[in-house]
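If you want the building blocks of each chain, they are given just below.
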Amino acid sequence: MAEIIGERIKKILVAEDNRTQAEYLRFILKKSNFTVLMASNGREALDITTTEQPDLVLTDIVMPEMDGYELCRTIKNNPVLADIPVILVTHLYDPVDVIRGLESGADNFIIKPYDPERIHSLIADTIHSIH
């Protein structure tokens, strides 16, 4: 499955303020030969997205400086960045949180805790639904 994803996705930005979670995501993605960019808050993630234009953004929702909803909304409202898929990675699963994510323009959700296969599956699903 990583080969299929890799045809369209090479560079992934991980926006996660929890260092352990961030490193775990980096490990999972690097193992599948993705180039992984890291940001520890939403503002830093937006800066990296603007300069590096990753192929996909995986972002936590609850982060300092700019939360994942605002990050997603800002990416989706920028004509240069709007086509970059954004997947929200969160422990929030209340229907209100899901609605907020959809309203912000999120392309998909990953609920914590997760496993590597789930990460790859949701990335693939997101890519197939967009293209």
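Shown above is the structure to which this text applies.
Notes on the structure follow. (Residues numbered from 1 in each chain as written. Predicted model: local features only at pLDDT ≥ 70, side-chain atom pairs only at ≥ 80, totals over all residues. Heavy atoms only, no water.)

Examining unusual backbone geometry
To keep it simple, the criterion reads: Secondary structure follows DSSP: runs of H or I at least 4 residues long count as helices, runs of E at least 2 residues long count as strands, and numbering of each begins at the N terminus. To sort residues, take the accessible area from a 1.4 Å probe on protein chains only and compare it with the maximum for the residue type: under 20% means buried, over 50% means exposed, and anything in between is partly exposed.
The omega angle of the peptide bond from Lys112 to Pro113 is -5°, so this bond is cis rather than trans. Phi at Asn33 is positive, roughly 70°, even though this residue is not glycine. Position of Asn33 among the secondary structure elements: in the loop between helix H2 (19-31) and strand E2 (35-39). Since its relative accessible area comes to 69%, Asn33 is described here as exposed.

Some thoughts on helix H3 (residues 42-52)
We count it as follows: Within this analysis, the arc is defined by the directions that extend from the helix axis to the C-beta atoms. Polar contact is the term for a pair of N or O atoms within 3.5 Å; when the atoms are in protein, one must be able to donate a hydrogen and the other to accept it, and sequence-neighboring residues count only if both atoms are side-chain atoms.
Of the residues making up H3, those classed as buried are Gly42, Ala45, Leu46, Ile48 and Thr49. Down the axis of H3, the buried side of the element spans an arc of 165°, and every buried residue falls inside it. Where H3 begins, the capping side chain belongs to Asn41, and its oxygen is found 3.0 Å from the backbone nitrogen of Arg43.

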